[in-house]
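Spelled out from the first residue to the last, the chains are:
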Amino acid sequence: LRDWGKMFDWKDVQEVHLFHIIKKVITPLEFGLVELPDEETYQQMKKPLEELFHNEAKNILPHFKGQKVFHIEAAFDPEEESINLLKKINADLVVVATQGKKGFEGFFHHSFTDYLVKFAPCDLYVVRPKS
């Protein structure tokens, strides 16, 4: 994403949204079911993630002068939550990087990018990792 961001022509872009959805899970323990991360842990995670996002935004969007909006949320279904967020902000384009899984691992690994290709309500630009 860093290389792509440096090459992209940002002059007609007024707003960029960067988002990360933390996957929540329900884990059975001896005394019952527990939601992870719980609200307290999520709040503890949120601040460092926001700082990381702000720092990474400087690297990914070095020439961008418009408004940057950061979204960090937790959901049981990050893929669906991402689609909902894209609809809510009325996104025109989503840029996503793949992890580049191939062969046996790629065959059995569910891809967030594949999900976005199928269900994103806007155009999608997929950035491949360097080989």
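Look up: the structure comes first, before these words.
Keep in mind that what you see is a predicted model, and the values were worked out from it rather than measured. (Residues numbered from 1 in each chain as written. Predicted model: local features only at pLDDT ≥ 70, side-chain atom pairs only at ≥ 80, totals over all residues. Heavy atoms only, no water.)

Novice: Residues and numbers for the nonpolar core, please.
Specialist: If you look at the biggest cluster of nonpolar residues, it comprises ten residues: Trp4, Trp10, Val16, Leu18, Phe53, Ala57, Ile60, Leu61, Phe64 and Val127. Contributions of two or more residues to this core are made by β1 (15-23) and α2 (39-60). Ranked by the residues each element gives to this core, the list is headed by α2, at three residues. If near-sequence neighbours (up to four positions away) are discounted, Val16 is found in contact with Trp10, Leu61, Phe64, Gln67, Lys68 and Val69. Counting nine residues, the second-largest nonpolar core is a separate cluster that includes Ile83, Val96, Leu116 and Cys122. (Core = buried A, V, L, I, M, F, W, Y, C linked by side-chain atoms within 4.5 Å. Buried < 20%, exposed > 50% of the residue type's maximum accessible area, 1.4 Å probe, protein only. Helix = DSSP H or I, 4+ residues; strand = E, 2+ residues; numbered from the N terminus. Contact = heavy atoms within 4.5 Å.)

Novice: If you had to explain helix α3 (residues 78-88) to someone new, which residues and values would you point to?
Specialist: Along α3, the residues that are buried comprise Pro78, Glu79, Ser82, Ile83, Leu85 and Leu86. Looking straight down α3, one finds that the buried residues subtend no more than 160° of arc, so they occupy a single side. In α3, the exposed residues that point more than 90 degrees away from the buried face are Lys87 and Lys88. Buried residues belonging to α3 abut β1, β4 (67-75), β5 (93-97) and α5 (112-119). (Arc of directions from axis to C-beta.)

Novice: Outline the packing of aromatic side chains, supporting the account with residue identities and numerical values.
Specialist: This structure, assessed with the given rule, holds seven aromatic pairs. With centroids separated by 5.9 Å and ring planes inclined at 35°, the aromatic side chains of Trp4 and Tyr125 adopt a geometry described as tilted. With Trp4 in helix α1 (residues 2-7) and Tyr125 in strand β6 (residues 123-127), the pair connects residues that are 121 residues apart, well separated along the chain. Overall, the relative accessible area of 12% leaves Trp4 in the buried class. Take Tyr125: its relative accessible area is 40%, and that puts it in the partly exposed class. Summarising the aromatic geometry, the rings of Tyr115 and Phe119 are spaced 4.7 Å apart at their centres and angled 45° between planes, so their arrangement reads as tilted. With Tyr115 and Phe119 both in helix α5 and four residues apart, this pair spans about one turn of that helix. Judged by its relative accessible area of 16%, Tyr115 falls in the buried class. Through a chain of ring-to-ring contacts, the aromatic side chains of Trp4, Phe8, Trp10, Phe64 and Tyr125 assemble into a single cluster. (Phe/Tyr/Trp six-rings, centres within 6.5 Å; stacked < 30°, edge-to-face > 60°.)

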